[in-house]
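As a plain string of letters, each chain reads:
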Amino acid sequence: MHARTLCEDGLVQPELEPFATRVALETGALEPERQVSERRLGEMAGLYAAPVATSSTILVYRVSTVPVPERSSDLLCCTTVIEPGLVDDEYFMTAGHYHAMRDRAETYLGLAGSGLVILADEAGRWRALPLRAGDLAYIPGGWAHRTVNAGDDQVRFLSTWIADAGHDYATIRARGFPVRVVRRAGEPAVVENAAFRR
Ligand code: M6P
Ligand code: ZN
């Protein structure tokens, strides 16, 4: 146990005050909103199969975070809202990452829309999990994760993960995921990613 949290009488001394945050289910916003980041299409050039203008300011997704100390005894929570859209035939998605601390797990709870969580491990195995309202996706340590909006409406979900996990984006930038999610005859299809490097 962490020495700082132990009193002389052996009782755990809480370091943080309990707090409540509202998740506005109809928008995915947090109330109050404290830390919001937006990912625009231009920043995602190279992640989609098709070329993307680095100048594109089209909003792809927004992340609202509940800030807490980034240590193993805390849990980070955020909501993510992915807009519907396509880059050529590839659905809008998050950048995707491994955790810098590879063994750290995460959960996603779907709030709205029709999403897919694509997972990959460093041996090149992959999985796809559904993410619609009420779906809980469990992401064990060692699995990179990317969320795809495979529908026509916003995908909104709540994530919770061990707060010291960190984001490793570089490995995904360099290797990609083994699969992509594309629209075929109006329906989502998971297809091999020709550019994937193990
Ligand atoms: C989820 C969590 C966050 C992540 C966000 C966007 O909410 O996994 O940690 O930041 O999705 O995904 P990415 O960081 O890959 O762009
Ligand atoms: Zn993560």
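Residues numbered from 1 in each chain as written. Chains lettered and ligands numbered in written order. Predicted model: local features only at pLDDT ≥ 70, side-chain atom pairs only at ≥ 80, totals over all residues. Heavy atoms only, no water.

**Q** Could you clarify how one ought to interpret the overall build of the protein in this entry?
**A** The secondary structure content of the protein amounts to one helix and 17 strands. With respect to the principal axes defined by its C-alpha atoms, the protein has extents near 65 × 40 × 30 Å. Taking the intrachain contacts of the protein between residues at least 6 apart in sequence as the baseline, contacts between residues at least 24 apart amount to 64%. For the protein, the computed accessible surface area is about 10400 Å², with 53% contributed by carbon and sulfur atoms. For the protein, the distance from the average site of its 21 positive side-chain charges to the average site of its 26 negative ones is 6 Å. (Helix = DSSP H or I, 4+ residues; strand = E, 2+ residues; numbered from the N terminus. Contact = heavy atoms within 4.5 Å. Areas by Shrake-Rupley, 256 points an atom, 1.4 Å probe, with all protein chains shown as cover. Lys, Arg positive; Asp, Glu negative; His and termini not counted. Charge placed at Lys NZ, Arg CZ, Asp CG, Glu CD.)

**Q** I tried to follow the site of ligand 1 on my own but got confused; where do I start?
**A** Around ligand 1, a shell composed of 15 residues is seen, among which Tyr 61, Thr 80, Ser 159, His 167 and Tyr 169 lie nearest. One of the backbone nitrogen or oxygen atoms of Gly 96 is found 2.8 Å away from an oxygen atom of ligand 1. Ser 159 places a polar side-chain atom, nitrogen or oxygen, 2.6 Å from an oxygen atom of ligand 1. Put simply, the parts of the chain that give the shell around ligand 1 at least two residues each are strand S4 (59–66), strand S5 (75–82), strand S9 (106–112) and strand S14 (155–162). With three residues, S14 is the single largest residue contributor to the shell around ligand 1. Tallied by class, the residues present in the shell around ligand 1 amount to eight nonpolar, six polar and one charged. (Near = heavy atom within 4 Å. Polar contact = N/O pair within 3.5 Å; in protein donor to acceptor, adjacent residues only side chain to side chain. Nonpolar A, V, L, I, M, F, W, Y, C, P; charged D, E, K, R; others polar.)

**Q** Is there a simple way to explain the coordination of the zinc ion (ligand 2) in this structure?
**A** Each donor-metal-donor angle would ideally measure 109.5 degrees in four-coordinate tetrahedral geometry, or 90 or 180 degrees in six-coordinate octahedral geometry. With distances of 2.0 to 2.2 Å, the protein atoms coordinating the zinc ion (ligand 2) are His 97 (NE2), His 99 (NE2), Glu 106 (OE) and His 145 (NE2). Coordination at the zinc ion (ligand 2) is irregular: its four donor atoms span angles of 82 to 161° at the metal. Mapped onto the sequence, the residues coordinating the zinc ion (ligand 2) show the spacing H-x1-H-x6-E-x38-H. A residue is classified by how much of its surface remains accessible, and His 99, at 4% relative accessible area, is buried. Residue classification places Glu 106 among the buried positions, given a relative accessible area of 4%. (Donors = N, O, S within 2.8 Å, 3.2 Å for Na, K, Ca; no water. Tetrahedral: all angles 85-135°; square planar, octahedral: opposite > 155°, others 65-115°. Buried < 20%, exposed > 50% of the residue type's maximum accessible area, 1.4 Å probe, protein only.)

**Q** Before we go on, may I ask you to explain the sheet that holds strand S11 (residues 126–132) in this structure?
**A** Neighbouring strands of a sheet are bound in pairs by backbone hydrogen bonds; such pairs are parallel or else antiparallel. Spatial strand order, S11-S10-S13: three strands in an open sheet with antiparallel pairing. Two strands bound the open sheet, and with one partner strand each, they are S11 and strand S13 (144–149). Strand-to-strand twist across the sheet, computed as the mean angle between neighbouring axes with direction ignored, equals 25°. The pairing of strand S10 (residues 114–120) with S13 spans six bridges and is classified as antiparallel. Of the residues in S13, the one forming a bridge with Ala 120 is Ala 144. (Pairing = 2+ DSSP bridges. Axes fitted to C-alpha atoms, helices over the stretch in contact; angles between N-to-C directions.)

**Q** I'm lost on the side chain of His 99 in this one. Help?
**A** By the element assignment, His 99 lies in strand S8 (residues 98–99). Within the local environment of His 99, its side chain forms a polar contact with the side chain of Glu 106, the two groups lying 2.8 Å apart. Not counting chain neighbours up to four residues away, the residues in contact with His 99 comprise Arg 104, Ala 105, Glu 106, His 145, Trp 161, Ala 165, Gly 166 and Asp 168.

**Q** Would you mind going over the sheet that holds S14 with me for this structure?
**A** Taken in spatial order, the six strands of this open sheet run S3-S4-S5-S14-S9-S12, and their pairing is antiparallel. Looking at which strands have only one partner, the edges of the open sheet turn out to be strand S3 (35–40) and strand S12 (136–139). In this sheet, neighbouring strand axes are inclined to one another by 20° on average, regardless of whether the strands run parallel or antiparallel. Across six bridges, S9 lies against S14 in antiparallel orientation. Residue pairing in the sheet places Glu 106 in a bridge with Trp 161 of S14.

**Q** Any chance you could explain the pairing of S13 here in plain terms?
**A** Regular strands show a simple pattern: their side chains alternate between the two faces of the sheet. Within S13, six of the six residues are buried, which leaves the element mostly enclosed by the surrounding structure. Burial along S13 is two-sided: Ala 144, Arg 146 and Val 148 facing one way and His 145, Thr 147 and Asn 149 facing the other are all buried.

Function cannot be inferred from these measures alone, as they are strictly geometric.
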